[in-house]
Amino acid sequence: MKKSVVSLFLVLVLLLTAACAPAAAPGATEAPQEPAQEEAGAYKPGVYTASAKGNNGDVKVEVEVSANEIVSVKVLEHQETPTISDKAIADIPAAIVDVQGLGVETVSGATFTSKAILEAVAACMEQAGADVEALKRIGGDAAAQAEDQTLSADVIIIGAGGAGMAAAVQANQDGASVIVLEKQSSIGGNTILSGGAFNAVRDGSEEAIANKDSVQLHYEQTINGGDNQGDPELVRTLVENAYDGLDWLKALGMEFKEGVFTVTGGLWPRAHKPADPVGTGFFITYQRYVDEHENIDILLNTKAEQLIVDGNGKVTGVTATGETGNTITCNANKAVILATGGFSKNVEMRMEYDTIWGVLDESVPSTNHSGATGDGIYLAQEVGAELVQMGNIQLLPLGDPVTGSLSGNIELDVERRIFVNKNGERFVDEGGRRDAMTKALFEQEDGWMWIIVDSHCYPTGDEKNNFNESVNQLIAEGRAYKGETVAELAAAIGVPAENLQKSLDDFNAHAATKEKDEFGRTLYSDPIDKGPFYAAARVPTVHHCMGGVKINTNAQVINTNGEIIEGLYAAGEVTGGIHGANRLGGNALADILVFGRIAGRNAAAK
Ligand code: ADP
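Residues numbered from 1 in each chain as written. Predicted model: local features only at pLDDT ≥ 70, side-chain atom pairs only at ≥ 80, totals over all residues. Heavy atoms only, no water.

Draft legend 1. Inspection of the overall build of the protein chain at higher detail. On a plain count of helices and strands, the protein chain comes out with 16 helices and 20 strands. By residue count, 58% of the 606 residues in the protein chain fall in the buried class. Approximately 22900 Å² of the protein chain is accessible, and the part contributed by carbon and sulfur atoms is 47%. (Helix = DSSP H or I, 4+ residues; strand = E, 2+ residues; numbered from the N terminus. Buried < 20%, exposed > 50% of the residue type's maximum accessible area, 1.4 Å probe, protein only. Areas by Shrake-Rupley, 256 points an atom, 1.4 Å probe, with all protein chains shown as cover.)

Draft legend 2. Local environment of the site of the ligand. Within the structure, the ligand sits among 25 residues, and Ala163, Glu182, Thr191, Asp375 and Glu573 are positioned closest to it. Lys183 is positioned with one of its backbone polar atoms (N or O) 3.1 Å from a nitrogen atom of the ligand. Against a free-state accessible area of 590 Å², the protein chains account for coverage of 98% of the ligand. Among the secondary structure elements, those contributing two or more residues to the shell around the ligand are helix H5 (162–173) and strand E9 (303–309). Tallied by class, residues from the shell around the ligand come to seven nonpolar, 13 polar and five charged. (Near = heavy atom within 4 Å. Polar contact = N/O pair within 3.5 Å; in protein donor to acceptor, adjacent residues only side chain to side chain. Nonpolar A, V, L, I, M, F, W, Y, C, P; charged D, E, K, R; others polar.)

Draft legend 3. Molecular detail of the layout of surface pockets. Looking at the second largest pocket, its volume works out to about 280 Å³. Lining the second largest pocket are 17 residues, and of these Lys257, Lys273, Lys464, Asn465 and Asn466 sit closest to its centre. Residue composition of the lining of the second largest pocket, by class: six nonpolar, five polar and six charged. (1 Å grid on protein atoms, 1.4 Å probe; cavity = no way out; pocket = protein on both sides within 12 Å on 5 of 7 lines; lining within 4 Å. Points joined across faces, edges and corners; volume = space filled by probe spheres on them.)

Draft legend 4. Geometry of the packing of H5 against helix H9 (residues 280–292). Close contact between H5 and H9 brings their axes to 11 Å; oriented N to C, the two are set at 35 degrees. By crossing handedness, the relation of H5 to H9 is classed as left-handed. Contacts between H5 and H9 pair Gly162, Met165, Ala166, Val169, Asn172 and Gln173 from the former with Phe283, Tyr286, Tyr289 and Val290 from the latter. (Axes fitted to C-alpha atoms, helices over the stretch in contact; angles between N-to-C directions. Left-handed = near helix turned anticlockwise from the far one by under 90°. Contact = heavy atoms within 4.5 Å.)

Draft legend 5. Examining the environment of Thr329 more closely. Along the polypeptide, Thr329 turns up in strand E11 (residues 327–338). The spacing of Thr329 and Thr150 is 179 residues in sequence and 4.6 Å in space, taken between C-alpha atoms. Leaving out residues up to four positions away in the same chain, Thr329 has contacts with Gln149, Thr150, Leu151, Ile308, Val318 and Thr319.

Here is the structure:
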């Protein structure tokens, strides 16, 4: 089964590319070419474009969509190898229109080109408001529905994101056979799209001493940063086991950059940065482990529909829908682990539960992948699980104005960048909490801000951000702006030059003394005074669900009577009550790793 897992590298490249936004003009908030009036139907009519990486570079497609139909698919640009790619470029667009779906067969010998076209069309259909996962099930050999299957393993895991894969590897290391069910066509979930920052500190280490950091400070900042709503025992478990998790990843072969940094909303320099872009390093590592070991399999395009419960209330398995619509029954000899992530892409759920923002309708974009729809919440509720702090939803002030993605972000760390509004004025402590920054951003004109950095961050402009994008590349795509002087940059982004200059002068004065400024900022390193200067626009974006299924420190799921649900564990964003009202930047990857491993270990030991 595991050999059927699609090439991880291809998937990573496609994911990264699909997450990139189309060019955004200053002030633009809408995808271009959408009609003013929408007709009722499955799709928003319009002409959409998107790109995905093929064999030799970007494959750009244009998709025309009416209310209920994919009208045309055209490959606009590509650098694929002539002859080899010809058939894919001719046949895949035609097949998509023909079957009105994305489940068409790839062309043998041109798999990468085929997949790039399919991925780019999927990105267009997402812009058109389509249910892309449903479209992926339409087409191909629809008649050839596979037979229903019954499988068994010691541990069945739902979700192949960061928590699910950490649980899978740990359980397998502890001797259990493992099956992971993943509804998407690739592993990674949201974790692969994250900035990759991993908070962990070891008492007495060189870094801890240099930064005056400790496990206790990490604990206190996590508890205080979440307004004391986080469960103290769960937080203690998180901070005390994070560094072991880092060692475990390194032992599996994952590489991290030297040193630590302060991630946005992380409040302290304790984030470790993977050597590979965004969250890809985790999945390269996990996939390698899966490929090299027996009894650990991943079923892609397989959606868990229901938990199986025996007469004593114990969870004993999962029923799922397979790639061809067939039913797959997975029996767990030992336990089931829920690792389905959050619900940031489920607008209905975020509107129902949100207690912080009051505005989380479809007008607010999200950083998340399309599978973040809260399935695990429903699955757990059906077996009586308690839900905690569901209203605690985290937004970031760092969304791409068109897609909400974190791609296109030009900040490299907290200390050397400021935020200014459309009037060129600072408005918040840029080293503060994520909720405080985002709330302040909502109060600015159009909820719009510019991140401003200078050549201290980008000596050449070719340095890469977390998404493997250089600022030069973003400028070429119209997603970032450059000025040799402050006045030139101000003109490029349309803010008053004198205001931008004053904002920088005030900031630089405090960067020199390291004294707290009028917004309460205390995190500084270099001044921002060395041209060229750079800017990129950002808006609020829904990022993380801090509420979810209640667990104890063994990652066992707790029911509404306060009792353990036998046979059921949960880890990662599907769980609630760890981060409280506001999650510290860099704590999510630590959370999913620590509790994923605990769930995997305990499930295997059952
Ligand atoms: P976490 O950070 O908690 O690991 P992620 O978002 O990274 O969360 O991963 C969750 C994974 O679970 C995603 O890959 C998502 O597609 C998958 N998933 C969600 N619902 C289901 C489901 N019903 N069946 C199978 N996989 C699911």
